[in-house]
Amino acid sequence: MKKALVVLSGGQDSTTCLYWALSQFDEVQSITFDYGQRHKIELKSAKKVAEIAGISHHVLSIDTFQKLGGNALTAEQEVKNELNDNNLPNTFVPGRNLIFITFAAAFAYQQQIQDLVTGVCQTDYSGYPDCRQNTITALELAINLGMESQMKIHTPLMWMTKAETILLAEKLGAFDALAWSHTCYNGQYPPCGHCPACELREKGFQEAGIPDPLLSQRAGFPQKH
Ligand SMILES: [Zn+2]
């Protein structure tokens, strides 16, 4: 039996990856990290998405990123649409994907799971260096050396545009779950519409020529968070 573990943030891409995994593996589990993100709506979305998909969902806590602060997702900073002096967005959380995927691998190891799935993408993306294929390739090697394992990190969206990802989500029947996914960096529902994450999501749906189910299908949840 082929088992996979999906790193589920509650966002659009990881939700799509979850449905991709369901189409590829016999058993799929999901893992979400409570890393001190300012917006707990992400955790609620991940739980709801896993529930709709009918798969098990595990939440692991890591409080280090909040203690480190220094970015708009874990500290009280305004989300900026312009890049920092180092050409990275102020929503970049240094080390986040490296740690998430390493912890996911440690979890998978205990469960005898060898396939990890993550929604990272370097085509239409937020400019985070830990979303790029070379980072993932290096991390997979480090994990397998360090754990004496044969893990495979699947990145089905790596080379897709946002519009292509949306068409894939539609084909995989992920839209009911996508209606509950969360993208907005300002943690808002309905989404703020002007942060970089909202803009990227909106651009993707426009290019795909499909209405976003978050805006067209969903009613009422969660009004407060
Ligand atoms: Zn937004």
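Residues numbered from 1 in each chain as written. Predicted model: local features only at pLDDT ≥ 70, side-chain atom pairs only at ≥ 80, totals over all residues.

1. Some thoughts on the overall build of the protein
Here is step 1: In terms of helices and strands, the protein carries 9 helices and 5 strands.
Here is step 2: Reading the protein from its N end, one meets helices and strands in the order β-α-β-α-β-α-α-β-α-β-α-α-α-α.
Here is step 3: In summary, the protein has a C-alpha radius of gyration of 16 Å against a globular reference of 17 Å for 225 residues, a match within 12%.
Here is step 4: Expressed along its principal axes, the backbone C-alpha trace of the protein runs to roughly 45 × 40 × 30 Å.
Here is step 5: Buried positions account for 40% of the 225 residues belonging to the protein.
Here is step 6: Contacts in the protein between residues at least 24 apart in sequence constitute 69% of all its contacts with a sequence separation of at least 6. (Helix = DSSP H or I, 4+ residues; strand = E, 2+ residues; numbered from the N terminus. Rg over C-alpha atoms; globule rule 2.2 N^0.38 Å. Buried ≥ 20, exposed ≤ 12 C-beta atoms within 10 Å, placed from the backbone. Contact = placed C-beta atoms within 7 Å.)

2. Quick word on the nonpolar core
Here is step 1: Ranked by size, the top nonpolar core spans 54 residues in total, and within it Val6, Leu18, Ala104 and Leu116 carry the most contacts.
Here is step 2: Setting aside anything within four residues of it in sequence, one finds Leu116 in contact with Leu5, Val7, Ile101, Ala104, Ala105, Ala108, Met151, Ile153 and His154. (Core = buried A, V, L, I, M, F, W, Y, C linked by C-beta atoms within 7 Å.)

3. With respect to helix H2 (residues 41-53)
Here is step 1: Along its 13 residues, H2 runs 18 Å from first to last C-alpha, staying within 8% of the 18 Å computed at 1.5 Å per residue.
Here is step 2: Turning to H2, its buried residues number three or more, namely Glu42, Ser45, Ala46, Lys48, Val49, Ala50 and Ala53.
Here is step 3: Looking at the buried side of H2, the elements it contacts are helix H1 (12-24), strand S2 (27-34), strand S3 (56-61) and helix H7 (175-178).
Here is step 4: Among the residues trailing H2, Gly54 stands out with phi positive, at a value near 70°. (Expected span 1.5 Å × (residues − 1).)

4. Points about the pairing of S2
The side chains of a regular strand alternate between the sheet's two faces.
Here is step 1: When you tally the buried positions in S2, you get 6 out of 8 residues, the bulk of the element.
Here is step 2: The sheet contact formed by strand S1 (residues 3-7) and S2 spans 5 bridges and is parallel. The residue bridging Lys3 from the neighbouring strand is Glu27, located in S2.
Here is step 3: Following the chain from S1 across H1 to the adjacent parallel S2, one finds a crossover that is right-handed.
Here is step 4: As judged from the 6 bridges shared by S2 and S3, these two strands associate in the parallel manner. Looking at S3, one finds that Thr32 is bridged to Val59. (Pairing = 2+ DSSP bridges. Right-handed = clockwise from strand over helix to strand, strands pointing away.)

5. Observations regarding the sheet that holds S1
Here is step 1: Pairing within the open sheet is parallel, and its 5 strands lie in the order S3-S2-S1-S4-S5. Strands at the two margins of the open sheet, each flanked by one partner only, are S3 and strand S5 (152-154). If you compare each strand with its neighbour and ignore which way they point, the axes differ by 25° on average.
Here is step 2: Summarising the sheet, S1 and strand S4 (residues 115-117) pair through 3 bridges and their orientation is parallel. (Axes fitted to C-alpha atoms, helices over the stretch in contact; angles between N-to-C directions.)

6. Comments concerning the environment of Glu27
Here is step 1: Following the sequence through the fold, Glu27 ends up in strand S2.
Here is step 2: A sequence separation of 54 residues divides Glu27 from Asn81, and the C-alpha atoms of the two residues are 39 Å apart.
Here is step 3: In this structure Glu27 touches Met1 and Lys3, once residues within four positions along its chain are discounted.

7. Some points on the confidence of the model for the protein
Should the pLDDT be low somewhere, the predicted coordinates at that spot are not to be read in detail.
Here is step 1: Per-residue pLDDT for the protein has a mean of 92; in total, 97% of the residues score no lower than 70.
Here is step 2: A low-confidence stretch, residues 221-225 (pLDDT under 50), is modelled with 6 contacts involving residues beyond four sequence positions or located in other chains. (pLDDT = per-residue confidence, 0-100.)

8. Details of the environment of Asp130
Here is step 1: Along the chain, Asp130 turns up in the loop between S4 and helix H5 (133-147).
Here is step 2: Look at Asp130 and you get partly exposed, because 18 C-beta atoms sit within 10 Å.
Here is step 3: Separated by 124 residues in sequence, Asp130 and Val6 have C-alpha atoms that sit 17 Å apart.
Here is step 4: What Asp130 contacts, discounting residues up to four positions off in sequence, is Arg96, Asn97, Leu98 and Thr135.

9. Focus: the packing of H1 against helix H6 (residues 162-171)
Here is step 1: Interaxial distance between H1 and H6 falls to 9 Å at its minimum, and their mutual angle equals 40°. Here H1 lies oblique to H6, going by the angle between them. The chirality of how H1 crosses H6 is left-handed. Residue-level contacts link Asp13, Thr16 and Tyr19 of H1 to Thr165, Leu168 and Ala169 of H6. (Parallel < 35°, antiparallel > 145°, perpendicular 65-115°, else oblique. Left-handed = near helix turned anticlockwise from the far one by under 90°.)

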